[in-house]
Structures are given as structure tokens and as C-alpha cells.
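For reference, the chains in residue letters:
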Amino acid sequence: MMMTFARRRRRALLISAVVGAAPFLAFALAVRCWPYPGSLARAARPSLLALDRAGVPLTALASPDGAWRLPLDELGMNPLLERALIAAEDRRFHEHHGVDWIAALSACWQDARNLRCVRGASTITMQLQRLRDPRARGFATKLREAVRACQIERSMDKAAILREYLERAPFGANVVGAGAASWRWFGRPCASLSLAQCALLAALPQNPTRLRPDRHPAEATARRDRILAAMEESGDIDQAQRLAAQAEPMSATWRPLPQFEGIAADEVDGADGHTGRTETGLDPALCDLAAARSGRVVTTLDAAMQRAACASARRALDGYAGATVEVAAVVVIDNTAGEYRALVSLGGPSFQDLTRARRSPGSTLKPFIYAAAFAADACAPGSVVSDTPGGWRGFAPADFDRAFRGSQTAAEALAESRNLPAMRVLELVGLARAAGTMEAVGLGGMARAAERAGLSLAIGGAETSARELAEAYATLARGGGHLSTLLVVDAAGERPETVALPARACWQVIHCLDGHERTAEICAEAARLGVAWKTGTSSGHRDAWCAAITPRLTVVAWLGTLSGKGTPALVGVEVAAPLALSLIAALDPGGGSWPEAEFAAVERPAPPALAATLVITSPSAVGSAVGSAVGSAVGFSVGAADGAAACEVVADPDVPPERQRLALRCRGGDAGARWWFDAGTPLGSCAAAETVWFAPAPGRHPLRVIDASGHAACVELLVRGGLALAKAR
């Protein structure tokens, strides 16, 4: 009987032990046999943190989900923050293996005694699992988190668990992770935070909304002080450190992101940190990069050049705000390295990179047309080109000043950006060759654009971007060697330099564009550096451009409007040239020198003689059929090939002015048409042997006649009231 009772008791004890141990055995079995989903371990995509080429933080862009995440493994952990977090959340973090069973039993006992949930027992590892796999709270979820926490501890060391928790934890609003939180709240990297700041950051994940320091400073301060007391109790700090930290003013304020420019990663600047944000204009220009890259990215940019370029562009926009000039882009390239040093996009939406926006470049393509012609020996800088009226298939272009220069050298026509000579040079060298040259120097899609634009390619008939234009001008500055421009340091790879143009053609074009006097009218500092530059204004005044180069740097500036609508203020030489020239003078004060030995002599050959003949109608010949009988007119001839001739006309007071006309003829030159101008204003055209009639008002009239070959002659005419008299002098 006694043996039977003893057996039953042992059996009951065994069953009780098995029943009691079953949950722990099941838990251990789940830890070992329940596969951990690998997808949960993948970290969310961090924000893009862009550093300049020296490692100086430039800017950060939010992750695709709108959160700010900056990886701590790149910016550096702070041991004080780790100790503060352990003191606040999990004092036995280094002793347990994912679940603190002592804390769990204590929490169950307190909850049972109070008949409600008084305290939790989640370890940092369990909280990490909750951040990886958020679920509705409940017993089943807590059990799942406990199993997964033990599995995490089996695959990761404590340091990695702490770092991942601090990278995933919420710190208020859309700030995720201590890396972004340290910049958002204190304006400095995590590694530079003080003890008091670390204690405050450790408090925020517990309740980011209720403890948000800019909205609830009293609650945040109280929680910070409790964590400091817990750190003293655990021996992490002493009493003096706790008191000093508690006396530190609450310095956490909601700072804008990004605000990194010019701040070294280990730099500390007072108790309040770096509170300001300097506009860099860089964020839109990095949108494409942020779509492809995340985390820490070392760029080829230069923090000082980026700030200078942005400040210059902002001043330019502010100066023309009343003229509806609203947006600007600036690109700076190091010519030797083939690397971007600054990318500025101002005024547009945050997602619109204006440095990539394709717009009409106006006359900024002309240097490449002339370079193609010089390279093909189709013409030279000293060749005579014709700036006379002309038309192609119904298209009759004109220049900005609506005037014509007659015969010019190619160098003069390029420097003065004359449209008709550029179109004639383009016609001479051929669309295919010119477009091929443009593509070779970095202007993509020009072959297809040339098919659509025809000869209007010379005056902005195609589209390009500020980045492409800068790459093309950098190719000129290198003497024809083309390099694709680099933005990310680790993406360099193989970048072979290709020969896009002969060096001779490049130096000839640069020599046409580096005139001291024309540069000094806009920027005296740039004139002293020998800067070569070219402006462009698109049709309808929608875009204003300027590209400026020294041997070391290329600067391209573009200004426009948000809507793309034209405005009279958008003239390249007036708004873009001052920006580009002043900026390149500031960024490259040494300038450098071009290889003068490679320049071909630019001499203006004398044009063939062309004489202007004035035939003055007599009063008796002026009537309803004026000019019908030239032979009855009183006339005289003035040879004016050298432009020095002059004549004087005294009007007849008895004849109405509108009925007193001059018959204009010229001799010499070619057998083609003639165009007559009065101070640049067209008077009309005629065949070589015909007459143009002119009714001048009293005053001086500089008359100019041009033939189809570009030969010109000038006569200065003085019209006076009084007796019917004409004389030459």
C-alpha cells in the first residue's frame, strides 16, 4: 500500500515536472527549429548621406518611404548612448540571451498582484524584433518576440544588436535611428553627443510623441534625469557626472535637415551644436543618385565650391526677383580630373534637378560649330564670313540687335555671337559633321536633333542640359580630350579619354572667346584671368545661359522661369554672364594660361572695294512718280569703301519732306543683291544695278551697303533744312 502511494506521488511529481517543463522545452525547441525569416533581418533602406571629396558631410536625402535614417556604423557609435540605453531599457542586457527571465517573472508577479499590467519585461533584443516585425500587442505576439529574440542572440553579438536597435528605433516624427536623431535634435553626429544628450536620446524611443523635447520639454527632461540616475546606480557614471549632466540646459530643438555642409564628422561646436542650415541647392541635383544609392556616398563635390556656387546663384535670383527670373542651375567641373565640384539647382520643386533639365541653349552651341569648321579646315579664325540678310527655305533669322555687320572675320562673328555667320559656317561645315562634333564633346542626342532643327541648330534649335553643356566646354578647355564627368568617387572605373577635337581647333575657339575688353565690361576679376566665355539666349527669352572656362575650371550658369514662359530679363549677357564670370573668378583666382603657341593668327583681311553712289533727286523730279526717271535727277558719287566718306544734303523748304527722296546706288562688289541700312535699320534691298529710295529726316544718317559676299561700304549723310543744295566733302 505504502509502495503504491509512493509510486503515485513520484508519478505525480514526474507529471508535474513534465507539465511544468513542457513550455520551456517547447520554447527551446521553437528557438532551435522554427526558421527565422531572413527578410526580417534586412535593414530598411537608409537615407542618402552625401559627403564631399574630403569626407565633409554635404547633405542628406530622406529614404523612399519619407523617413530619415543615417547609418550609425558610418557616423560612429557613442558609448555613452549605449550605456544610457541599457540603463533605461535592459539592465541585464549583457547577461541574458534574448529574454530576461528574472525580469519576466518579476513583471508577471507585479501584474498579478495589481490585476493589471504594471511593467513590461521586453529586452532590447525583443524590442529589436518588434521593430523588425511590428504586430498587434498581445500574449502571442510577446511569445513570438521572445523566441525570435533568442534566435537573434544566437546569430548576432551584443554590439551588433545595440547598433541595429539604435538604427531602427523611432525618435519622433519621421526620424528613425540615432544617427538621424542626433543631427535632427542636436545638429551634430552621434559620436559628438554629450552625456545629457545621450540620456535624452535613450529616452525618446520609449514614447517619441509624449517625450518629444520641443513640445514636451518638462517630460523629456524628467525622463532624461531618471536615466542619468539609473546610470549612476549601475556604476556607468559617478555622482559628479550625473549632476553636471542634469544641470546641462535642454538643447534639443527641431532642426531642419539637411544641415551638414562644412561640418566635419568629429567637429563639436558648443553646447548647442550646429543649429543653422546653409542653403546648398544640392538636394534636387542628387535625386537621381538617391534613387540608386543609399547610405554614405563620397562624391567628387567640394563643400566650399558648392556653398559659393549656391550663394552666387541665390544672389542672382534675388537680384532679378521682380523680373520673374525664378529658377537657376549652376554646374562647376574640374577640367583636369573630369569631376563635378558643384551642382546647384534653385527655385524649382525639390524633386526637379534643374542641372539635368533640357532647354534651348541659345548661342552656346556656336563654339562647337566653329570648332568643327576649324578642325575640318573649312574656315579659320581669320576667314571672312558674311553677316548680311539671308534666308533658308522661308526661314529668315536675325540677330538680337536686328542689325547686320557685313563682312567679319570668323573670330569676330563668334565673339559677337552673330547668328547669320554661324548659320553660314554650319552650312559650310555640314550638319552631320557639326552634330557629330557636339556628340563627341558630350552633348548627347545632337545627331537626331540636327535632323529636326536643320541650320537653326546654330541658334538654339536643339535642347541640352547644364551638365551636358559643362562637360562639352570642359572638353574644349582640355584641348579636345573628352571625359565623362564623374560625381561618385567609387564609381570611377575605367574612363578613357577620347579625342573629340584637335587641340588646334579648341585653342582657336578659346582665343576667339577670351577677349579682355568684352570680359572686363562684365567682370574685371575674370578679365584678368583670361576667362573664355560664351552666352546664350533662347528664342522668346525663356532661357539665359553662360559657359565660362579657365584651364582648370568650367562654370555653366542657367536662369529661367518655373513655367518656362519668356521674360525680357532673360538675356544671357545680362543675367547669366555676371553670375558665371564672377563665380569662376572667385573659385579659380589663379586662372592659368592658355597655350598661346597653338593659336593661329587672327587677322582681318581687307574686304574688296565697294563704293556707294548717292543720286540726289532734283525738286522738279519729285512728284507723284518719284524715281520714275532717274536720268533727270541731279546726282554725284562718293567712294566709300573705307567708310570715311561723308556727304551733306540741304532740303528744299518749298517741297514737303516726304516727297524729297534720295536714290541709293552702289558700284563694285559682286553681281548679287545689295542691302542698305541706316544706323542698322534696313532701308531695303535691290539688285546690283537697281536703286533703293530713301526719304531721310533731318539729322545724321550713317548709311551702310552690303553685297551678297559680305563686302560693305559706309557713307555718313547729313540732312539739313534750307535751300535745295547738295554737296560732297
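This one's a predicted model, so the numbers in the text were calculated from it and none came from an experiment.

Quick notes on the overall build of the protein chain
Thinking step 1. Helix and strand content of the protein chain: 24 helices and 22 strands.
Thinking step 2. By the burial criterion, 51% of the 729 residues in the protein chain qualify as buried.
Thinking step 3. A separation threshold of at least 6 residues defines the contact pool for the protein chain, and within that pool the share at least 24 residues apart is 70%.
Thinking step 4. As displayed, the protein chain has an accessible area near 32,000 Å², and 55% of this comes from carbon and sulfur atoms.

Points about the side chain of Thr554
Thinking step 1. By the secondary structure assignment, Thr554 is in strand β12 (residues 553–560).
Thinking step 2. Among the polar contacts listed, one links the side chain of Thr554 to the side chain of Asn335, at a separation of 2.7 Å.

What about the environment of Pro367?
Thinking step 1. Tracing the chain through its elements places Pro367 in helix α15 (residues 366–375).
Thinking step 2. Spatially, the C-alpha atoms of Pro367 and Leu414 are 7.1 Å apart, while their sequence positions differ by 47 residues.
Thinking step 3. Setting aside chain neighbours within four positions, we find Pro367 in contact with Leu414, Tyr473, Leu476, Val509, Leu513 and Lys534.

What to know about unusual backbone geometry
Thinking step 1. At Ser417, a position not held by glycine, the phi torsion is positive, near 55°.
Thinking step 2. Within the element layout of this structure, Ser417 appears in the loop between α16 (410–415) and α17 (419–429).
Thinking step 3. On the basis of relative accessible area, Ser417 is assigned to the buried category, the value being 16%.

Topic: the sheet that holds strand β5 (residues 339–346)
Thinking step 1. The five strands are arranged β5-β4-β12-β11-β10 in an open sheet whose pairing can be described as antiparallel. Edge positions in the sheet fall to β5 and β10 (532–537), since each of these pairs with one other strand and no more. Mean inter-strand twist for the sheet, computed between neighbouring axes without regard to direction, equals 10°.
Thinking step 2. Strand contacts of helix α24 (residues 572–587): β4 (327–334), β10, β11 (544–549) and β12, with the helix running at about 30° to β11, the strand carrying the most contacts.

So, the pairing of β10
Thinking step 1. Within β10, five of the six residues are buried, leaving the element largely enclosed by the surrounding structure.
Thinking step 2. Two elements, β10 and β11, share six bridges in a ladder whose sense is antiparallel. Residue Gly536 lies in a different strand from β11, and its bridge partner there is Trp545.
Thinking step 3. Counted between consecutive antiparallel strands, the loop separating β10 from β11 contains six residues, among which Gly540 sits at a positive phi close to 80°.

Thoughts on helix α11 (residues 217–233)
Thinking step 1. The terminal C-alpha atoms of α11 lie 24 Å apart, and with 17 residues this matches the ideal 24 Å at 1.5 Å per residue to within 8%.
Thinking step 2. Those residues of α11 lying buried are Ala220, Arg223, Arg224, Ile227, Leu228, Ala230 and Met231. End-on, the buried residues of α11 take up no more than an arc of 160°, which puts them together on one face. Within α11, the exposed residues directed more than 90 degrees away from the buried face are Ala218 and Glu233.
Thinking step 3. Where α11 is buried, its residues meet α4 (79–89), α10 (195–203) and α12 (239–247).
Thinking step 4. The positive-phi residue at the C-terminal boundary of α11 is Gly235, with phi of around 85°.

Definitions and limits used
- Residues numbered from 1 in each chain as written.
- Predicted model: local features only at pLDDT ≥ 70, side-chain atom pairs only at ≥ 80, totals over all residues.
- Heavy atoms only, no water.
- Helix = DSSP H or I, 4+ residues; strand = E, 2+ residues; numbered from the N terminus.
- Buried < 20%, exposed > 50% of the residue type's maximum accessible area, 1.4 Å probe, protein only.
- Contact = heavy atoms within 4.5 Å.
- Areas by Shrake-Rupley, 256 points an atom, 1.4 Å probe, with all protein chains shown as cover.
- Polar contact = N/O pair within 3.5 Å; in protein donor to acceptor, adjacent residues only side chain to side chain.
- Pairing = 2+ DSSP bridges.
- Axes fitted to C-alpha atoms, helices over the stretch in contact; angles between N-to-C directions.
- Expected span 1.5 Å × (residues − 1).
- Arc of directions from axis to C-beta.

Interpretation in functional terms is not warranted from these geometric data alone.
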